[in-house]
Amino acid sequence: MNDVYFMKTALAYAERGRGYTSPNPMVGAVVVKNHKIVGTGWHRNAGGPHAEVNAINDAGDQVKGSTIYVTLEPCNHTGRTPPCTEKIIDSGIRHVVVAMEDPNPDVKGGGIKRLKEHGITVTSGICEDEAKKLNEIFVKYIRTKKPFVVLKCASTLDGRIATRTGDSKWITGVESRRYAHEIRHLVDGIMVGIDTVKQDNPSLTTRLDGKEGLDPARIILDTRLSIHEDAGILHLDSKSETLIITGLNISNDKKALIERNGIKVIKVPEKEGRIDLKALMDILGDMGITSLLIEGGSRVINSALSAGIVDKIFFFYAPKILGGDNGVPVCRGEGPDLMSESIQVKDIEVKRFGEDVLIEGYL
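Just so it is clear, the model here is predicted, and its values are computed rather than measured.

Colleague: Sorry, what's going on with the pairing of strand 11 (residues 264–267) here?
Modeller: Across a regular strand the side chains alternate sides, sitting on one face of the sheet and then on the other. In this sheet, strand 11 lies alongside strand 10 (residues 242–246) in parallel orientation, the contact comprising four bridges. By the bridge assignment for strand 11, L243 is matched with K264.

And the structure:
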């Protein structure tokens, strides 16, 4: 067993925090002595002990003289918890192996420097790519203060997300829809357009098998504030909030009526008659929303792609063909004139969920 093996084990522990740590990163740690793992830990939730602390506590008396493998550079500052560097120094650990440095330019390298100043040897860059992908949301947000944006859609093989009547239940199978809720659990916010609310009356909550999922903040694009005050999404029993994003010129009386239900109505500048999504990303980032899932409909998808705000896609394809040209397309709006101007998707992964196929990639 070598450094890669132990770091991959730490990464597996970090995964256990998926969906629960925002706005913090997912971090895992293992304490190794005499080539054996004697302590494990991961960051379970924001505000709780960090992975290093949990792993050191788990190792107990065996921690002195050991090596700790941690998926992210130990913090050297006091936030909601004390700095992990001090815990490591006080524990008697002699060697620290780090997957990636802290992406925050204000603190990057500080933890490693602190450890070295106290005679602890540090190795970094082990499984670095895996660690960066694990925390791709945290990496983008901490550097830009804008949410990491994921675009998800489900379509037939001929590119339709609903029939001509608007029927979309169900395009994909149970396995795909179950995975879609895993994605919801991961993100801070989920966004749809008002047409989706009117057509489907969605709850936009998270429902997971066998564990409690966290509901993302529900974000509705409604430029003219046309949502009805009795819409189901305004009256959910959920701990997360609902935000209605409108244009600047909506009625203050209607705004007050909607906000009476505990809903936030946020005015955002428009661009070509629609919400300016780039401006919205700045607003959501300032609100502490680190990640956003866009679930449609077709005009919202077109706007998001046109605005260049999408970082990652999840396109589910079901083995179904509508066979007509009057269904609802994935994108509705102006596209490019030339194929060479199309948006290139890279780092593709292809997965199967039952009979459905998922294309996952980055823009």
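That shown, we press on.
Colleague: Is there a simple way to think about the sheet that holds strand 2 (residues 36–42) in this case?
Modeller: By definition, the strands of a sheet pair up through backbone hydrogen bonds, in either a parallel or an antiparallel sense. With mixed pairing, five strands are arranged side by side in an open sheet as 2-1-3-4-5. With one partner strand each, in any of the chains shown, strand 2 and strand 5 (121–124) form the two edges of the open sheet. Averaged over all pairs of adjacent strands, the angle between strand axes in this sheet comes to 20°, irrespective of strand direction. Relative to strand 2, strand 1 (residues 28–33) is paired through six bridges, and the arrangement is antiparallel. Bridge pairing in strand 2 places V32 opposite I37.

Colleague: Would you mind showing me how to read helix 4 (residues 110–117) here?
Modeller: Residues spaced three or four apart along an α-helix point in a common direction, a consequence of the helix completing one turn every 3.6 residues. Among all positions in helix 4, only G111, I112 and L115 are buried. Taken end-on, helix 4 shows its buried residues confined to a sector of 100°, consistent with a single buried face. Residues of helix 4 that are exposed and point over 90 degrees away from its buried face: K113 and E117. On its buried face, helix 4 sits against helix 3 (84–91), strand 4 (95–98) and strand 5. Where helix 4 ends, the next residue or the one after it, G119, has phi of about 80°, a positive value.

Colleague: Is there a simple way to think about the nonpolar core in this case?
Modeller: Among soluble globular proteins, nonpolar side chains are generally buried collectively. Among the nonpolar cores identified, the biggest contains 40 residues, and M7 and V96 are the most heavily contacted of them. Counting residues per element, this core draws most heavily on helix 1 (residues 3–15), which supplies six residues. When near neighbours in sequence (up to four residues on either side) are disregarded, M7 contacts Y69, V70, T71, V97, V98, A99, I126 and C127.

Colleague: Explain the packing of aromatic side chains to me, please; I cannot follow it from the model alone.
Modeller: What describes a pair of aromatic rings is the distance from one ring centre to the other and the angle between the planes of the rings. Taken as a whole and judged by the stated rule, the model has eight aromatic pairs. Considering the side-chain rings of F6 and Y69, the 5.3 Å spacing of their centres and the 40° angle between planes classify their relative orientation as tilted. Remark: Y69 occurs in strand 3 (residues 67–70) and F6 occurs in helix 1; sequence separation between them is 63 residues. A single burial state applies to F6 and to Y69, both of which are buried.

So, how was this worked out
Residues numbered from 1 in each chain as written. Predicted model: local features only at pLDDT ≥ 70, side-chain atom pairs only at ≥ 80, totals over all residues. Heavy atoms only, no water. Pairing = 2+ DSSP bridges. Helix = DSSP H or I, 4+ residues; strand = E, 2+ residues; numbered from the N terminus. Axes fitted to C-alpha atoms, helices over the stretch in contact; angles between N-to-C directions. Buried < 20%, exposed > 50% of the residue type's maximum accessible area, 1.4 Å probe, protein only. Arc of directions from axis to C-beta. Contact = heavy atoms within 4.5 Å. Core = buried A, V, L, I, M, F, W, Y, C linked by side-chain atoms within 4.5 Å. Phe/Tyr/Trp six-rings, centres within 6.5 Å; stacked < 30°, edge-to-face > 60°.

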